[in-house]
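Fold and geometry: a report
Given next are the chains, with one letter for each unit.
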Amino acid sequence: MPLKYHIHSAPVSNRFPKITKSGVIAWEEGCLKCARCVKKDCVYKVYEKRDLDGRQMLDSLDSVCMDCFRCVQGCPNRLIQKGMNPTYKTLGDRYWTPEIITDLWFQAETGRIPVSGAGYGGPFSGIGFDAMWTDMSEIVRPTRDGIHGREYISTTVDLGRKLMMLDFDGTGEMISVPPPLVEIPLPIIFDLLPWSPPRERIIRSMLKAAKILGTFLIVRASDLEPDLIPYVSNIMLHLDRQLDSVDRNLIGTSRMIEVPYNEDVLSLQRAIKEINPSVVTVIRVSLDPGSSARVLDLTRAGAEVIHLCADEQGLEKAKEPLFIKDRMKEIHLRLVENGVRDQITLLAGGGIAMAEHMAKLIICGADALTIDIPLLVAMECRVCRRCKTGIACPVELEKIDPVWGSERIMNLMAGWHNQLLEILGAMGMREVRRLRGEMGRAMFFEDLEREVFAAMGKRS
Amino acid sequence: MANEIHNFAFPEVQMSPSRFRHALSRHRITISKSCTNCGQCITLCPYHVYETGSKHPQVTFEHLCIGFACSRNDFFCVRRCPEKAIKVGLNPSFEILGDKRWPADLLSSTWHMAETGNIPHSSLNYKTGDSGGGFDRIRFIFPPDGASKISKSEISTAIELNRSDDSRPRVTIPIPLYLGGMSFGSVSIVTMLSRVRAAAALGTFCCTGEGGYPEELMPYDDNIITQVATGLFGVREETIKRVRIVEFKYAQGAKPGLGGHLLGDKVTPRVAAMREAVPGSALFSPFPFHSVYSVEDHKKHVDWIKETNRRALVSVKVSTPTDVDMVAVGSYFAGAHIVQLDGSYGGTGAAPDIAKKNIAMPIEYAVPKVHKFLVEEGIRDNITIIASGGIRTAYDMAKIIAMGANGVCLGTADLVALECIRCHHCESGRGCARGIATTDEELTGLMGLEWGTQRIINMYLAWRSQLINILSRLGMKNVNELVGRFDVIAHLDHLKGRDIHGELV
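Because the structure is predicted, anything quoted here is derived from the model rather than measured.

Counting its regular elements, chain B contains 15 helices and 20 strands. In terms of overall size, chain B behaves like a compact globule, its C-alpha atoms giving a radius of gyration of 23 Å where 505 residues would be expected to give roughly 23 Å. Dimensions of chain B, computed from C-alpha atoms along their principal axes, come out at roughly 80 × 60 × 45 Å. Within the span of chain B, comprising 505 residues, buried residues form 57% of the whole. Restricting to contacts in chain B with at least 6 residues of sequence separation, those with at least 24 account for 68%.

See the structure below:
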């Protein structure tokens, strides 16, 4: 059995006060001065632990209150109310919702997966990843107990081109030359950031985390300062300049190099391979309606890894864009139909905001995925995007201590890893490689709606 | 027997107001200093919102106020107050109450039913939530007025749980519902007993969950379903022999494919003794049954129970994977009398959020799939389908029956009747701050047994009268006629100009 992959996590405190969904508003005027005030009876001792912040609007926006409403219902003169926190509502946007952002904060702070009581309280379904459910095993198929560690579930994936057969000469010697393969223990790679305040410290945080986790951070060649060279085995070098202008030593020691797509991309791949035959090259392509044809051509022409990029909301570039999961399904199935799916590795990213998105995108055909914004959120980013216009970051991301930043990212990844184990365990899978393209082990909203609801209301 | 059940004497509604000082309400009423305490408002209000006070009237039952909708009435206190001292506004706390599945309206209307045994007279939506899909987009098609009306006293809501032709007893319940498993440990003994006593009074059943059979339950043996789950906590030959129905829990909708987890804080000495475990240490139920990896193994399980208790019916509680229809067929051939399908939006004391939201399908998809498959297999009439996991209202219950279930199993609705506000913190610290899902002694003391029992009885009596109303509008004399009637319901997103004859409710 392989050495068990485990991500160390430990609580890492916040630098800024938490933004909670609601707060307690308590008036003094009209107080009857009861002998036994309801505030004294608080089960969570909210009023004893009050942590007031003058800058925040509501009286007490403490994260200790658990919304039991007993003080609201108990105060004789109804002087205590709960109120929605207006700042909470303005976090993020329609895709990066306040719920997602606070959930990521919780994981980065604690390293724990979100657990709660009572049934699911959200919408029936939704756009994108919320329009599918994953399968579970029951009675006739065993599940796997991954989360409590009694069975080993592997989350390792291989990146690179794979041979479909081996050739041997008359003497039995193998004449096939297997292409280089890189193994990562978690199907996640850290992507270029869509925006951020000055990123020197941010890159160093992400890189430290990538190193400990055993994965890669994509770094632009132009961002590569000398002090980052020791991390080269965890850097996927993104060639944002001419090959000639990059240090040959760096090309020679890199394990993975990413090149943006253009017509001559495969000749660039050959040029890189001449310098370093053991490097795995990745072709970065924006997702659009022509992606499946392009991926098929590139696969046939010898590409090793293709990185498909959607926008921040998980949408492709098109007038009526498809969501990343739907386009990936099409790409995956096209490669399967043409009998070439197993030759190529597909990375996909854009709009990956929660652990469940990782599992769902792999089901829809990605081998591994790339994430960006969640890494910033782990370091307390509020997805306000003010940095895009040069306004100061409200949480001073440019000033973070890289050790603190890397610990926050490690915690988040520990949470995501455990949640992936939950999904795999419930499906009875022992490794994430088997999850790729398993659309039969998922349930899609549009299929179920058509099958179940469309026929209703018809008179027989 | 059927006749006996038809004449079943249901308990009476008894008013059971909130156990907290103020019930939570949508409206906020304030009386200003200019009030002369003339008492006009007390006399006017037919909803008894006000009571006499020494300086000015007391706003005692604010939650019974119908708010702005009242302005069209003669008795609108705000207008009729001679001093213009009364103001009605919205309660800001109401905005943060509830969630998409159980919005504030649904919580408040459930509290109202538990208090009064009636549907709310105000404009609260007591039929659907805000989830935007499933039940919340499905409506009944009631024939145009006068087309069919059945006298309500003629309507039967009873269902038979043993539909097989084996030699085991018939078990008929006068309402198409029973109460699902919540273990001692996950809820307090008062909550557990309230549910069991309410089930007994209503002539139906309540399941013990996986946490043993506390001796306080013994007077109600005939109304108890005992559960055998993967941890086998508290399972004894003696308890299996006591009951009329034994339930195998293979999976739970809220955390399908994952085991149970009772946090160490909740494992008090009593809970530990009941489960034969160590106080203070967390308890895991493994997943799955490590003795079951095939339908044949499953049959051995069922046979084991049938041998141990020769009069018991066997129920199999499963979750809703892609092949839920095959699981149901397998359960039938293994000899189960009841298959309980637990949908993915069902309740739990604690589960990972990722599981609650993403794993397995909602009950609205699973029941029609299973019903249709069992019909095709020709065995639908020989097994009882019970739907659970996401049934919140009488309307949900009626809709899922129209989609192919024989009856439903409830849990969360009971807790809401006991004034759960769905804060989702059942699992933290000392447990439920409202004294429902806790084993903390002080918190358990927040609720009385008589009150708890009556609240649940009141709510289900209100559900029954709504069900009777629905059946009457549909021209049906018996709830069994509603099973699998996809023609009497419609999904709003799939109507697309279809000819609907009748009113969508």
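Our next topic: the overall build of chain A. When helices and strands are counted, chain A shows twelve helices and 15 strands. Taking 23 Å as the expected radius of gyration for a compact globule of 460 residues, we find that chain A reaches 25 Å, a close match to that expectation. Expressed as lengths along the three principal axes of its C-alpha atoms, the size of chain A is roughly 95 × 70 × 50 Å. When the 460 residues of chain A are sorted by exposure, 46% land in the buried category. The long-range share in chain A, meaning contacts at least 24 apart out of those at least 6 apart in sequence, stands at 69%.

On to the domain arrangement of chain A, then. Per the domain assignment, the segments of chain A are domain 1 (20-89) and domain 2 (157-448). Here the C-alpha centroids of domain 1 of chain A and domain 2 of chain A sit 46 Å apart.

Counting along an α-helix, one turn takes 3.6 residues, and residues three or four places apart therefore face a common direction. For helix α11 (residues 363-376) of chain B, spanning 14 residues, the distance from its first C-alpha to its last is 20 Å, which sits close to the expected 20 Å at 1.5 Å a residue. Most of α11 of chain B sits inside the fold, with ten of its 14 residues counted as buried. In this structure, the buried residues of α11 of chain B make contact with α12 (445-453) of chain A together with α9 (324-333), β15 (338-342), β17 (384-388) and α12 (394-402) of chain B.

Quick look at the interface of chain A and chain B now. Where interface size is given, it is often the accessible area lost as the parts come together that is meant. Taken together, the 62 residues of chain A in the interface contact 85 residues of chain B. At the level of secondary structure, the elements contributing two or more residues to the side of chain A that touches chain B comprise α1 (70-74), β2 (80-84), β3 (115-116), β4 (132-134), α9 (355-363), α11 (402-427) and α12 of chain A. Of the residues forming the side of chain A that touches chain B, the biggest block, six residues, is contributed by α11 of chain A. The class makeup of the residues in the side of chain A that touches chain B is 31 nonpolar, 19 polar and twelve charged. Pairing of β3 of chain A with strand β16 (residues 351-352) of chain B, which is carried by two bridges, proceeds in the antiparallel orientation. Across the sheet, residue valine 115 of chain A finds its bridge partner in β16 of chain B, namely proline 352 of chain B.

Here we take up the packing of helix α3 (residues 98-110) of chain A against α11 of chain A. All names here are of chain A. In the contact formed by α3 and α11, the axes pass within 6 Å of each other and the chain directions differ by 110°. Classed by the angle they form, the pair α3 and α11 counts as roughly perpendicular. Residues Leu104, Gln107, Ala108, Glu109 and Thr110 of α3 form the contact with α11, whose participating residues are Arg408, Asn411, Leu412 and Gly415.

Residue and element names in this part refer to chain B. One open sheet accounts for three strands, arranged β19-β5-β20; its pairing is antiparallel. Strands at the two margins of the open sheet, each flanked by one partner only, are β19 (489-491) and β20 (503-504). Strand direction decides the pairing type here: strand β5 (residues 138-142) and β20, joined by two bridges, are antiparallel. Counted as the bridge partner of phenylalanine 142 is glutamate 503 from β20.

Once the domains are mapped, chain B shows domain 1 (27-96) and domain 2 (153-167 + 176-493). Relative placement of domain 1 of chain B and domain 2 of chain B: their C-alpha centres are 42 Å apart.

Residues and elements named next belong to chain A. Only one face of strand β6 (residues 181-184) is covered, namely the face carrying Val182 and Ile184; the face carrying Leu181 and Glu183 is uncovered. Relative to β6, strand β5 (residues 157-160) runs antiparallel, the two sharing four bridges. By the bridge assignment, leucine 159 is partnered in β6 with valine 182.

Residues and elements named next belong to chain B. Across its 13 residues, helix α4 (residues 104-116) extends 18 Å between first and last C-alpha, which sits within 8% of the 18 Å expected from 1.5 Å per residue. With twelve of its 13 residues buried, α4 lies for the most part within the structure. At its buried positions, α4 is contacted by α13 (412-417) and α15 (449-474). Just past α4, the residue glycine 117 takes up positive phi, approximately 75°.

Time to look at the packing of α4 of chain B against α15 of chain B. Packed helix pairs are specified by the crossing angle of their axes together with the interaxial distance, meaning the distance between the axes. All names here are of chain B. Relative orientation of the contacting elements α4 and α15 amounts to 105°, with a least axis distance of 6 Å. The angle between α4 and α15 places the two elements in the roughly perpendicular class. Residue-level inspection shows Thr110, Met113, Ala114, Glu115 and Thr116 of α4 in contact with α15, the latter providing Arg455, Asn458, Met459 and Ala462.

One rule of thumb: low pLDDT means the predicted coordinates there are not for detailed reading. For chain A, the mean per-residue pLDDT works out to 93, and 96% of the residues sit at or above 70. Segment residues 54-58 of chain A: pLDDT under 50, and seven contacts once partners within four positions in sequence are set aside and those in other chains are kept.

By secondary structure assignment, the location of proline 288 of chain B is in the loop between β13 (283-285) and α8 (295-308). Distance from proline 288 of chain B to aspartate 165 of chain B, taken between C-alpha atoms, is 30 Å for residues 123 residues apart in sequence. Sequence-distant contacts of proline 288 of chain B, defined by excluding residues within four places in its chain, comprise Pro142 and Thr143 of chain A together with Thr230 and Tyr250 of chain B.

The next thing to look at is unusual backbone geometry. Residue and element names in this part refer to chain A. Positioned with a positive phi, phenylalanine 69 is a non-glycine residue whose angle comes to about 65°. Within the secondary structure, phenylalanine 69 sits in the loop between β1 (22-26) and α1. With 23 C-beta atoms packed within 10 Å, phenylalanine 69 lands in the buried category. Unusually for a residue other than glycine, valine 383 sits at a positive phi of about 50°. Its place among the elements puts valine 383 in the loop between α10 (373-378) and α11.

Attention now moves to the confidence of the model for chain B. On average, chain B scores 92 in pLDDT, and the residues at 70 or more come to 98%. Confidence estimates for the predicted assembly give a pTM of 0.95 and an ipTM of 0.94.

How each quantity is defined
- Residues numbered from 1 in each chain as written.
- Chains lettered and ligands numbered in written order.
- Predicted model: local features only at pLDDT ≥ 70, side-chain atom pairs only at ≥ 80, totals over all residues.
- Helix = DSSP H or I, 4+ residues; strand = E, 2+ residues; numbered from the N terminus.
- Rg over C-alpha atoms; globule rule 2.2 N^0.38 Å.
- Buried ≥ 20, exposed ≤ 12 C-beta atoms within 10 Å, placed from the backbone.
- Contact = placed C-beta atoms within 7 Å.
- Domains from an automatic or database assignment.
- Expected span 1.5 Å × (residues − 1).
- Nonpolar A, V, L, I, M, F, W, Y, C, P; charged D, E, K, R; others polar.
- Pairing = 2+ DSSP bridges.
- Axes fitted to C-alpha atoms, helices over the stretch in contact; angles between N-to-C directions.
- Parallel < 35°, antiparallel > 145°, perpendicular 65-115°, else oblique.
- pLDDT = per-residue confidence, 0-100.

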